[in-house]
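# Fold and geometry: a report
Each chain, written out:
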Amino acid sequence: MFSNISRRAFLRLSLASIFSAILGKFTSASAGAVIDDIYYPRQLITENSNYSRTIMWHSQNLHKKFDVVLKSGSGEETIHMARCHFFTDDGEKIFVYQVQLDNLQPNTQYVYQIRQDEAVTPWYQLKTSGNISIKALIFPDSQCSDGYVTWRNVATSGFTANPDTNLFINMGDLVDNGEAGYQWRQWFNAIAAFMPDRIFAPVMGNHETYNVNWKCRLPKAYLNYFALPNNLSKKFSGYYYSFDYGPVHFISLNTQFEEIDPIRSGLVPEQLEWLKRDIANSGKPWKVVLMHKDVINYDNLDSNAPLADIDVVGKTFMPVFDELKIDLVLTAHQHTYRRHDHIFNFEPSDKGPIYIDTGVAGNCYYDVPRTKRFDKVMLPQPERGNYLVLEGNESSLTVQCFLPNGKMMDMCVLNNKK
């Protein structure tokens with residue numbers, strides 16, 4: 001990886017934010033993220049966002065009573081009992097609460113409220129999707145060394161410019177270190193004002209699989225903080241999943257087999273088998289893949305060996321994407337926005353999936369060389385943050401790339417020819 005900041009320097013910068021994190025184990029109430037031990041209320045995507053939603057929060061203590069009150073537009077209220085589990089990570093014991101709200105009506109506005117013993121949150125917005133249209137915010141890697149101030153600024157810019165967006169996606173490497181509790185708190189704090197009212201769909205990145213000593217481990221914190229749609233896997237529940245929103249079927253794949261295989265093997269063959277079944281069972285007009293690592297090997301561009309500029313992730317998944325007629329593949333990891341356009345059979349083409357490396361939303365910046373073979377559009381280097389807006393209907397999808405100041409840097413339109 002080409003970088004203008006070394007890992008050691010990045011870690012030194014990260015240490016600067018630890019002191020303030022130690023002073024306050026969690027966040028202050030003024031941040032809008034905690035109410036009497038109710039931390040970071042959030043909506044999580046479910047298999048079908050028309051009819052269901054998962055509500056989560058966590059606390060430092062076990063409580064006796066905890067539920068969610070859901071209110072429809074007519075004022076009818078229903079009470080949904082939550083369930084609680086705890087996990088211990090980075091020396092802290094955290095209690096996680098979750099409830100799945102089912103039997104909702106499509107394209108309908110609700111409000112909900114969390115109750116925990118005597119504590120009560122405000123009423124938060126909950127809107128179900130329909131089948132006709134979609135508008136989603138796509139945020140690239142958000143890992144930071146500045147207390148996640150950069151992540152807060154990029155995310156706030158996206159949410160503020162798109163107040164009608166109900167779904168947002170983070171493309172992996174949410175935090176720089178998956179075991180570091182203070183980083184998760186800073187990540188949550190940065191977007192605490194937005195999470196209760198919008199649906200979140202996370203993608204697992206390689207940094208979610210690191211412990212505080214920078215050794216690979218299973219992504220414990222990520223899996224506990226985010227209850228995701230069931231992939232029916234006994235070994236890799238929560239590692240990959242799919243969901244429907246509007247006319248789009250999203251498939252969130254896991255590209256962390258290099259980190260995970262030595263600890264728990266079998267991630268790739270299991271995903272490939274599941275992916276074919278999953279696509280076969282979807283009738284949505286658009287198929288969009290979300291995965292953290294990109295398909296281009298930017299570290300090997302000078303080699304003349306066959307497919308030297310395609311990395312192991314590309315060699316693993318791209319033939320299957322061709323076979324399954326995936327429309328759009330969104331990646332991350334390189335911290336650079338690159339539109340590769342159509343690639344088919346490992347070659348630039350006028351058919352096959354469109355590939356877009358989504359960029360960077362944190363403050364870890366890389367200088368990445370250009371591959372003339374695939375990089376049709378790129379932003380000036382080194383980049384300093386961006387986000388994407390995915391919008392469309394059954395006949396077309398539009399992907400736009402914006403800087404935090406609102407300037408549009410690229411636009412790509414996909415037309416449905418099926």
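Residues numbered from 1 in each chain as written. Predicted model: local features only at pLDDT ≥ 70, side-chain atom pairs only at ≥ 80, totals over all residues. Heavy atoms only, no water.

### Some details on the pattern of salt bridges
Within the structure shown, the criterion is met by 12 salt bridges. Where arginine 338 meets aspartate 375, a salt bridge forms, and the shortest distance between an N and an O atom there is 2.7 Å. Remark: aspartate 375 occurs in the loop between β20 (354-358) and β21 (377-378) and arginine 338 occurs in strand β18 (residues 337-344); sequence separation between them is 37 residues. (Salt bridge = Lys/Arg side-chain N within 4 Å of Asp/Glu carboxyl O. Helix = DSSP H or I, 4+ residues; strand = E, 2+ residues; numbered from the N terminus.)

### Things to note about the packing of helix α3 (residues 149-161) against helix α4 (residues 181-191)
Interaxial distance between α3 and α4 falls to 8 Å at its minimum, and their mutual angle equals 30°. Put simply, α3 runs roughly parallel to α4. Crossing of α3 over α4 shows right-handed handedness. In this structure, α3 contributes Trp151, Arg152, Ala155 and Phe159 to the contact, and α4 contributes Trp187, Ala190 and Ile191. (Axes fitted to C-alpha atoms, helices over the stretch in contact; angles between N-to-C directions. Parallel < 35°, antiparallel > 145°, perpendicular 65-115°, else oblique. Left-handed = near helix turned anticlockwise from the far one by under 90°. Contact = heavy atoms within 4.5 Å.)

### A closer look at helix α8 (residues 312-324)
Residues three or four positions apart in an α-helix share a direction because the helix packs 3.6 residues into each turn. The end-to-end C-alpha distance of α8, which contains 13 residues, comes to 19 Å, matching closely the 18 Å that a straight helix rising 1.5 Å per residue would cover. Those residues of α8 that sit buried are Val313, Gly314, Thr316, Phe317, Met318, Val320, Phe321, Asp322 and Leu324. Where α8 is buried, its residues meet α6 (257-260), α7 (267-280), β16 (286-293), β17 (328-332), β18 and β20. Regarding α8, its N-cap is aspartate 311, as a side-chain oxygen of that residue lies 3.1 Å from the backbone nitrogen of valine 313 further along. (Expected span 1.5 Å × (residues − 1). Buried < 20%, exposed > 50% of the residue type's maximum accessible area, 1.4 Å probe, protein only. Polar contact = N/O pair within 3.5 Å; in protein donor to acceptor, adjacent residues only side chain to side chain.)

### As for α3
Across its 13 residues, α3 extends 18 Å between first and last C-alpha, which sits within 8% of the 18 Å expected from 1.5 Å per residue. Each element contacted by the buried residues of α3 is listed here: β11 (133-139), β12 (167-170), α4 and β22 (387-393).

### Description of empty space enclosed by the protein
The method is simple in principle: a probe with the dimensions of a water molecule rolls over the atoms, and the space it marks as empty is what remains. For the coordinates displayed, the defined rule picks out one cavity of 30 Å³ or more. If you add up the space inside the largest cavity, you get close to 40 Å³. Forming the boundary of the largest cavity are Phe87, Asp89, Asp90, Glu92, Ile94, Glu179, Gly181, Trp184, Ala221 and Tyr225. Elements that contribute at least two residues to the lining of the largest cavity include exactly β6 (83-89), β7 (92-101), α4 and α5 (220-225). (1 Å grid on protein atoms, 1.4 Å probe; cavity = no way out; pocket = protein on both sides within 12 Å on 5 of 7 lines; lining within 4 Å. Points joined across faces, edges and corners; volume = space filled by probe spheres on them.)

### A look at the nonpolar core
Ranked by internal contacts, the top residues of the largest apolar core, which has 106 residues, are Trp151, Leu167, Trp187, Phe226, Phe250 and Phe321. Those residues in contact with tryptophan 151 that lie beyond four places of it in its chain are Phe139, Ser142, Cys144, Asn170, Trp187, Ala190, Ile191 and Ala361. Core analysis: the next-biggest nonpolar cluster, separate from the first, contains 18 residues, Val68, Val99, Leu104 and Tyr124 among them. (Core = buried A, V, L, I, M, F, W, Y, C linked by side-chain atoms within 4.5 Å.)

### Thoughts on the side chain of aspartate 67
Here aspartate 67 shows up in strand β4 (residues 66-71). Aspartate 67 sits in the buried class, given a relative accessible area of 10%. Of note is the side chain of aspartate 67, whose polar atom sits 2.9 Å from the side chain of arginine 115.

### Things to note about the environment of proline 369
Among the structural elements, proline 369 can be located in the loop between β20 and β21. Residue class for proline 369 comes out partly exposed when judged on its relative accessible area of 27%. With 39 residues separating them along the chain, proline 369 and methionine 408 place their C-alpha atoms 22 Å apart.

### Some words on the packing of aromatic side chains
Think of a pair of aromatic rings as described by two things: how far the centres are apart, and how the planes are tilted against each other in angle. For the coordinates displayed, the defined rule picks out 35 aromatic pairs. Note on tryptophan 184 and phenylalanine 188: the rings are 6.4 Å apart at their centroids and 40° apart in plane angle, and the pair reads as tilted. With a gap of four residues between them, tryptophan 184 and phenylalanine 188 both fall in helix α4, about one helical turn apart. Accessibility classification places tryptophan 184 together with phenylalanine 188 in one group, the buried group. (Phe/Tyr/Trp six-rings, centres within 6.5 Å; stacked < 30°, edge-to-face > 60°.)

### Describing the pairing of β16
Of all eight residues that make up β16, eight are buried, and the element is covered over most of its length. Note that β16 and β17 share four bridges and pair parallel. Across the sheet, residue valine 289 finds its bridge partner in β17, namely valine 329. Handedness of the β-α-β unit built from β16, α8 and β17 comes out right-handed. (Pairing = 2+ DSSP bridges. Right-handed = clockwise from strand over helix to strand, strands pointing away.)

### Re a nonpolar patch on the surface
A grouping of Met408, Met411 and Val413 is seen on the molecular surface, where their side chains present a nonpolar patch of about 260 Å² in accessible area. Within the fold, valine 413 resides in strand β24 (residues 408-415). Valine 413 gets classed as partly exposed once you look at its relative accessible area, which sits at 43%. (Patch = residues over 30% accessible without salt bridge, like charges linked within 9 Å, V, L, I, M, F, W, Y side chains within 5 Å. Areas by Shrake-Rupley, 256 points an atom, 1.4 Å probe, with all protein chains shown as cover.)

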